[in-house]
Amino acid sequence: MDTQRVVSVIAAGVVATGVISGTLIMLEVQMRYAMHLFDAVARFVGLPGQRFLGFVIYSFAGVVVWPLAFLALRPYLPRGPDPAAQGAVFATALWVVFVITGSGGLDGPILVVYLVFTLLAHWAYGFTLGAVYGYLTGETPTARGEPAAW
Amino acid sequence: MGRIPGIVLLGGALLALATVALWRGRPKRPRRDGGYVTGLDVGTEKPANFVVRWLTTVDHRDIGVLYLLLGTVAALWGGVDGMMIRTELLTPTTTVWDVETYNALFTTHGLTMLLFFVTPVFTGIANYFLPILIGADDMAFPRINAIAFWLLPPSLALVRGGLITEVLGKGLEFVGVSVPILLDMRPVEMGWTMYTPMTAEMANPQIDVTLLGLHLSGIATTIAAINVIVTVFCERDEDVGWANLDIFSWGMLTTSAIVLFAFPVLGSALVMLLLDRNFGTSFFAVEGGGPELWQHLFWFFGHPEVYILVLPAFSLISYVLPKLVGRHLFGFRFVVYSTLAIGVLSFGVWAHHMFVLGMHPQLRAAFMVTSLSIAVPSAVKTFNWIATMWYGRLRLSAPFLFCAAGVGIFAIGGVTGVFTAVIPYDMRVHDTLYVVGHFHLIIMAIIPFSMFAASYFWFPLLTGRLYDRRLARAQALTMIPGVLLTFLPMLVMGNDGMPRRYAEYPEIYHPHQIVASIGALLIGVSVVLWLINMIQSYRIGIPVRDADVWDLKETNQFSREWRWFERRLAKQGGAAVGEAPEPEAETRQAEAMVEDWDEDDESDQSGGDASDAGDDHADDDHDAGDDHADDPANRGGADEGQGE
């Protein structure tokens, strides 16, 4: 694993974490705090109730841990060779774990909204991660060979 | 020192400055002699710095793209509002969000969608394509064009301020700074119609900020409209007369004329409301103009506004549909006349929003007649679109699906509108979900449908790449049933008497609401598909090699913007060949865009000459000997010769 790729993927992680954080904050405010997203984040990182510490660990995971995991897992992820599409697949897996640990006491319609919007936020994370990584390393294919690859 | 009033200090300072200025005399300036200014380098290159380039651009195409981006952001934001409304209505009681949130949602949903989604997107399309279509170098006033755009982001921030200030406030609290006013400004809950006396009396300070934001957006829209009008009148190329002005430009011209007369009325009304709220005037107080005055002023803007929204959609459909079905627009002249007729009539129908207000019956009947009569030009258009498709070569591409479905659902929305123009039925359904269903069947069908159609139709031209055909069709086929499922139940509920703007409803409507919410979910999925397609195709789509992606030369409709695109491709030809995709992919490219090929037997249809770069309008469509003359036998690979 060469240094240039590691640096690129961490830089991508910074951007992607910024994107998902912004999305989650806007969602939380737009939803008038009905979703308790930051409590979910705290639960997700194993520190229920401690939002600030939870936020720190969440940032570390978003910037360092997941990007490195993405880099290691990339050869096995579907939707290649576009790293952005692979990032979205990767983030879908993250989202599954997130909703299992973090959905808390939500149920009914609000749970559906929670699931949909957190999935979209995770996709934004994964897509940004892959897209920025691909941009920095030049691994983004210039053209898709097949019109209906998606 | 503390006793001296500030005005004296200020006056003294100004006096001192004036004295210095007088003493130093007028600055010596070179005399103007009508000669050339020398020593000024006026570059035409765009700045290399990405941020500087996009912040300072005055290029009509760049500004068009900025408009489209802003419109997309606003649409997604307003769409989240819409999804939240539908979520609340999944249950008969307010179990998801509270009533205040619900009221804020339908308010901000309406304002965002009308003023920050639809208008900017159509202005963006006009900015990009109108100068190309009429043969102008740019808009008439490029800098004012940039100003008109850059007024919009702040006005969006002002209108939706309640949320933004809250994010700021919470963020500051997080780092230990408390700014209570930021948290006091809550999202507005007044409805997009902002009826007085309610809005004059609501305490929320955010309402003032929202009114200012609306006023600012009105200024931006008016400036952009003036620019469009002047561009069409003064910047047309020699060979573009009124007789052969394209239908999209006619639509944008009429729309801009409506804007010019409608938006200043809104602006004035908003200022009056601001004065009533903050400075003790009584424009809309009972002892002054009365609350009815607001409704007259608002709807004198508000009804033309719906035509400001829908006329560009009409003209886009009229522009794109004939190209997709391989026929010329049926009754071109009458489509133009109907556009103009709608533009004029739109100002004569405002009072049909006020039938239940207690108007004199004769006056009410007069407004009923004008409201019914505006259905006539709309129907003219509808029949002309249908006649255009008649015997056309229908290819089920995504933009065609959107055009056809747009026309069909517009017919439903239009006919339900005729009912609301009829006084007795309007009395029955006024302020019910029927009205919401009716107008959404128009503004959620033909308007975004025409935008989607345009986004696919012009995607190759805008990005130089091809979109994903299968994903696009999937998007169309999710969106169309989604819209019908969402808004048809509203007609039923409204006819039954279910009022609009209620977060709670009787149990009996539960199934209808569930269906509507499922429809909304489909719309949401469809929008995500569109977004994925646009982003991914822009990033890694197959490069366009042949400008005639829609096979327009065959039917003599290879219009000006595509010829412009062809010249651009030819110019880039040398560079593009280096990174050409493998031949196999290139072969698929032709299949990708032009679905359901029927092997027409024409042998020598025309085609623009790729080599006529720089020669704008030299005999557009009938150049012989072009380097990629259509050869039906070689359909799939027809573009291989292109650019080489």
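All of these numbers come straight from a predicted model, not from anything done at the bench. (Residues numbered from 1 in each chain as written. Chains lettered and ligands numbered in written order. Predicted model: local features only at pLDDT ≥ 70, side-chain atom pairs only at ≥ 80, totals over all residues. Heavy atoms only, no water.)

## Comments concerning the overall build of chain A
Note the cut-off: A helix here means a DSSP run of H or I that spans at least four residues, while a strand means a run of E at least two residues long, and both kinds are numbered starting from the N terminus. Using C-alpha atoms as the atom set, the radius of gyration is obtained and then compared with a globule rule of 2.2 Å times the number of residues to the power 0.38. Remark: exposure states derive from per-residue accessible area (1.4 Å probe, protein chains only) relative to the maximum for the residue type, with buried under 20%, exposed over 50%, and partly exposed in between. Note on contacts: a residue pair is in contact if any heavy atoms of the two residues lie within 4.5 Å. Accessible surface is estimated by sampling points in the Shrake-Rupley manner with a 1.4 Å probe; for residues, cover comes only from the protein chains shown.
Within chain A one finds five helices and zero strands. Starting at the N terminus and walking to the C terminus, you meet the elements of chain A as α-α-α-α-α. At 16 Å, chain A has a C-alpha radius of gyration in line with the 15 Å of a compact globule built from 150 residues. For chain A, the C-alpha atoms occupy an extent of roughly 45 × 35 × 25 Å along the three principal directions. Counting across all 150 residues of chain A, residues that qualify as buried make up 47%. Here the contacts in chain A between residues at least 6 apart in sequence split such that 67% fall between residues at least 24 apart. For chain A, the accessible surface area stands at approximately 6,700 Å², while carbon and sulfur atoms represent 71% of it.

## Concerning the interface of chain A and chain B
The line we're drawing: Here the quantity called buried area is the total loss of accessible area, with a 1.4 Å probe, experienced by two parts when brought into contact, counted for both. One side-chain nitrogen of Lys or Arg within 4 Å of one carboxyl oxygen of Asp or Glu is enough to make a salt bridge. Any pair of nitrogen or oxygen atoms within 3.5 Å is treated as a polar contact; in protein, a donor-acceptor pairing is required on top of that, and neighbouring residues in sequence qualify only through side-chain atoms on both sides.
Taken residue by residue, the interface counts 31 residues in chain A and 37 residues in chain B. Of the roughly 3,000 Å² buried between chain A and chain B, counting both surfaces, carbon and sulfur atoms make up 68%. On inspection of chain A and its partner chain B, the count reaches two salt bridges. Arg32(A) serves as the salt-bridge partner of Glu166(B), at 3.0 Å between the closest nitrogen and oxygen. Summed over the shared surface of chain A and chain B, the result is six residue pairs in polar contact (both at pLDDT 80 or more).

## Concerning the confidence of the model for chain A
Residues and elements named next belong to chain A. Heads up, the condition is: Each residue carries a pLDDT score, the predictor's own confidence in it, on a scale running from 0 to 100.
For chain A, the mean per-residue pLDDT works out to 84, and 93% of the residues sit at or above 70. Ranking the helices and strands of chain A by mean pLDDT puts helix H5 (residues 109-137) first, with 91, and helix H2 (residues 37-44) last, with 77. Confidence over residues 145-150 falls short of pLDDT 50; this stretch has 22 contacts with residues more than four positions distant or in other chains.

## With respect to unusual backbone geometry
Residue and element names in this part refer to chain B. Looking along the chain, the bond that leaves Thr196 and enters Pro197 is cis, with omega of 0 degrees. For Pro197, the location among the structural elements is in the loop between helix H8 (180-184) and helix H9 (198-201). Phi at Asp551 takes a positive value of approximately 65 degrees, unusual for a residue other than glycine. In this structure, Asp551 sits in the loop between helix H22 (510-540) and helix H23 (560-578). Given the relative accessible area of 3%, Asp551 is considered buried. One non-glycine residue with positive phi stands out, namely Asn556, at about 65 degrees. Given the relative accessible area of 31%, Asn556 is considered partly exposed.

## Quick look at the nonpolar core
All names here are of chain B. Short version of the rule: Throughout this description, the term nonpolar core refers to a set of buried Ala, Val, Leu, Ile, Met, Phe, Trp, Tyr and Cys residues connected via side-chain atoms within 4.5 Å.
Ranked by internal contacts, the top residues of the largest apolar core, which has 202 residues, are Ile446, Trp458 and Trp562. When residues of this core are assigned to their parent elements, the largest contribution, 20 residues, is made by helix H4 (residues 99-134). Once residues lying within four places of it in the same chain are set aside, the contact partners of Trp562 are Phe457, Trp458, Leu461, Ala547, Val549, Trp550 and Leu552.

## Here we look at the pattern of salt bridges
Residue and element names in this part refer to chain B. Enumeration over the complete set of coordinates arrives at 15 salt bridges over all chains. The residue Arg160 makes a salt bridge to Asp81 at a minimum N-O spacing of 2.7 Å. Residue Arg160 is located in the loop between helix H6 (152-159) and helix H7 (161-174), and its partner Asp81 is located in helix H3 (residues 60-88); the two are separated by 79 residues in the primary sequence. Each member of the pair Arg160 and Asp81 is classed as buried.

## Brief notes about the packing of aromatic side chains
All names here are of chain B. Test applied: The aromatic pairing rule takes the rings of Phe, Tyr and Trp, using the six-membered ring of Trp, and pairs them if the centres are within 6.5 Å, calling planes under 30 degrees apart stacked, those over 60 edge-to-face and the rest tilted. Only Lys NZ and Arg CZ are tested; either one counts as a charge over a ring when it is within 6 Å of the ring centre and within 35 degrees of the ring normal.
Following the criterion strictly, the structure yields 39 aromatic pairs over all chains and no others. Here the aromatic rings of Phe261 and Phe347 are separated by 6.3 Å at their centres, their planes lie at 85 degrees, and the arrangement is edge-to-face. Of this pair, Phe261 sits in helix H11 (residues 247-278) while Phe347 sits in the loop between helix H13 (332-345) and helix H14 (361-373); the two residues are 86 residues apart in sequence, bridging distant segments of the chain. Phe347 gets classed as buried once you look at its relative accessible area, which sits at 16%. Through a chain of ring-to-ring contacts, three or more aromatic side chains come together here, namely Tyr128, Phe129, Phe248, Tyr319, Phe457, Trp458, Trp550, Trp562 and Phe565. Directly above the ring of Trp242 sits Arg236, whose terminal nitrogen or CZ lies 4.1 Å from the centroid. In this structure, Lys323 is placed above the aromatic ring of Tyr319, and the distance from its NZ or CZ to the ring centre is 3.8 Å.

## So, the side chain of Gln86(A)
All names here are of chain A. Inspection of the secondary structure assignment puts Gln86 in helix H4 (residues 83-102). On the basis of relative accessible area, Gln86 is assigned to the buried category, the value being 5%. The residues touching Gln86, leaving out its near neighbours within four places in the chain, are Phe70, Arg74, Leu77, Pro78, Arg79, Gly80 and Pro81.

## Thoughts on the confidence of the model for chain B
All names here are of chain B. Per-chain confidence: chain B averages 85 in pLDDT, with 85% of residues scoring 70 or above. For residues 575-644, every residue scores under 50 in pLDDT, and the model assigns this stretch 123 contacts once sequence neighbours within four places are set aside. For this predicted complex, the interface confidence comes out at an ipTM of 0.89, alongside a pTM of 0.84.

## Details of helix H19 (residues 446-457) of chain B
All names here are of chain B. Where we set the bar: An expected span of 1.5 Å times one less than the residue number is assigned to each helix.
With 12 residues, H19 extends 15 Å from end C-alpha to end C-alpha; this agrees with the ideal 16 Å at 1.5 Å per step. Most of H19 sits inside the fold, with 12 of its 12 residues counted as buried. When we look at burial in H19, the residues that qualify are Ile446, Ile447, Pro448, Phe449, Ser450, Met451, Phe452, Ala453, Ala454, Ser455, Tyr456 and Phe457.

## A few points about empty space enclosed by the protein
Residues and elements named next belong to chain A. Note the following rule: Using protein atoms alone on a 1 Å grid, points that fit a 1.4 Å probe yet trap it form a cavity, whereas open point sets bounded by protein on both sides within 12 Å along at least five of seven lines form a pocket; residues with an atom within 4 Å of a point count as lining. Grid points are joined across faces, edges and corners, and a volume is the space filled by probe spheres set on the points.
All chains considered together, the criterion is met by nine cavities of 30 Å³ or more. Taken as a whole, the largest cavity encloses approximately 180 Å³ of empty space. In terms of lining residues, the largest cavity is bounded by 14 residues, among which Ile20, Phe44, Tyr58, Trp66 and His122 are the most central. When residues of the lining of the largest cavity are traced back to their parent elements, those giving at least two are helix H1 (3-30), H2, helix H3 (51-73), H4 and H5. With four residues, the single largest contributor to the lining of the largest cavity is H3.

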